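Spelled out, the chains give:
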Amino acid sequence: MNETVYYTQLASPLGSLLLTSDGERLTGIHFPQHQGAAQAAWRRDAKRLAEACRQLRAYFAGELRDFDLPLAMAGSAFERRVWKALCQIPYGKTVSYGSIAARIKQPKACRAVGLANGRNPIPIVVPCHRVIGANGSLTGYGGGLDTKRWLLELEGVKLKTRRQRTFLVEA
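This text gives an overview of the structure that appears in the document. (Residues numbered from 1 in each chain as written. Predicted model: local features only at pLDDT ≥ 70, side-chain atom pairs only at ≥ 80, totals over all residues. Heavy atoms only, no water.)

**Examining the overall build of the protein chain**
Okay, step 1: Regarding its fold elements, the protein chain presents five helices and eight strands.
Okay, step 2: Traced from its N-terminal end to its C-terminal end, the protein chain shows the element sequence β-β-β-β-α-α-β-α-α-β-α-β-β.
Okay, step 3: Here the protein chain holds 171 residues, and 46% of them are scored as buried.
Okay, step 4: Summarising the internal contacts of the protein chain: among those between residues at least 6 apart in sequence, 57% fall at separations of at least 24. (Helix = DSSP H or I, 4+ residues; strand = E, 2+ residues; numbered from the N terminus. Buried < 20%, exposed > 50% of the residue type's maximum accessible area, 1.4 Å probe, protein only. Contact = heavy atoms within 4.5 Å.)

Next up, the structure:
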């Protein structure tokens, strides 16, 4: 397996995103506030990440709903089960942490699901932004709640704000 990390920057409506790859699969998407300088051993290679960039641009333009990219996600077996469940949340829909816990047959693991959700190395493509609190409130997001709100609104999710907290509007 190739141990070289390839990277590129993608200008997006959310700011400059840092994308990483193992040469064949997307391994990370990092929001501006979580980017350190690319590691000295990393290699800038926009060609290896061209398809990921193309699909992300199409998503941000409202032209793509489902990503079709090879992914490599390093994490525990539990985290990988959570991330797989996240990939099953349809575009424009939201689910609660409890719902994800039930889907992976660990209904009491809501907090652990939240932690795994927060460790998702490939946000947007693996749609952790579609997970909300049981009461319909927007809860923590690695890219910040404004980013989560923006992504959900891009997907057509109706939101409202009550006392400085954002909630899903009941359909």
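**Brief notes about the pattern of salt bridges**
Okay, step 1: Under the definition given, this model contains six salt bridges.
Okay, step 2: The partner of R48 in a salt bridge is D45, and the shortest N-O contact between them spans 2.9 Å.
Okay, step 3: The closest approach of N and O atoms between R149 and D146, which form a salt bridge, is 2.6 Å. Of this pair, R149 and D146 both sit in helix α5 (residues 145-154), three residues apart, roughly one helical turn.
Okay, step 4: For D146, a relative accessible area of 59% corresponds to the exposed category. (Salt bridge = Lys/Arg side-chain N within 4 Å of Asp/Glu carboxyl O.)

**Details of helix α4 (residues 110-118)**
Okay, step 1: Listed in full, the buried residues belonging to α4 are V113, A116 and N117. One side of α4 carries all its buried residues, which in axial view fall inside an arc of 105°. In α4, the exposed positions angled more than 90 degrees off the buried face are occupied by R111, L115 and G118. (Arc of directions from axis to C-beta.)

**Some details on the packing of aromatic side chains**
Okay, step 1: One pass over the full model with this rule turns up six aromatic pairs.
Okay, step 2: Geometrically, the ring pair formed by Y59 and F60 is edge-to-face, given 5.6 Å between the ring centres and 65° between the ring planes.
Okay, step 3: Residue classification places Y59 among the buried residues on the basis of a relative accessible area of 0%.
Okay, step 4: Seen from their ring centres, Y59 and F67 are 5.4 Å apart, and the 40° between their planes marks the pair as tilted. (Phe/Tyr/Trp six-rings, centres within 6.5 Å; stacked < 30°, edge-to-face > 60°.)

**So, the nonpolar core**
Okay, step 1: Of all hydrophobic cores here, the largest spans 41 residues; its most connected members are L19, L26, L56, V82, L86, I100 and I124.
Okay, step 2: Of all elements in the fold, only β2 (15-21), β3 (26-30), α1 (50-60), α2 (77-86), α3 (97-103) and α4 reach the threshold of two or more residues within this core.
Okay, step 3: For this core, the element with the highest residue contribution is α1, accounting for six residues.
Okay, step 4: Among all residues touching I100, those that are not within four sequence positions of it are V82, A85, L86, I89, V95, V113 and V131.
Okay, step 5: Formed by five residues, the second largest nonpolar core is a distinct cluster that contains I132, L138, L152 and L159. (Core = buried A, V, L, I, M, F, W, Y, C linked by side-chain atoms within 4.5 Å.)

**Here we look at the layout of surface pockets**
Okay, step 1: In this model, the largest pocket occupies a volume close to 250 Å³.
Okay, step 2: What lines the largest pocket is a set of 16 residues, among which G118, N120, P123, G142 and G143 lie closest to the centre.
Okay, step 3: Residue assignment for the lining of the largest pocket shows that the elements contributing at least two residues are β3 and α4.
Okay, step 4: Per element, the largest residue contribution to the lining of the largest pocket is three residues, and it comes from α4.
Okay, step 5: Split into classes, the residues belonging to the lining of the largest pocket amount to seven nonpolar, nine polar and no charged. (1 Å grid on protein atoms, 1.4 Å probe; cavity = no way out; pocket = protein on both sides within 12 Å on 5 of 7 lines; lining within 4 Å. Points joined across faces, edges and corners; volume = space filled by probe spheres on them. Nonpolar A, V, L, I, M, F, W, Y, C, P; charged D, E, K, R; others polar.)

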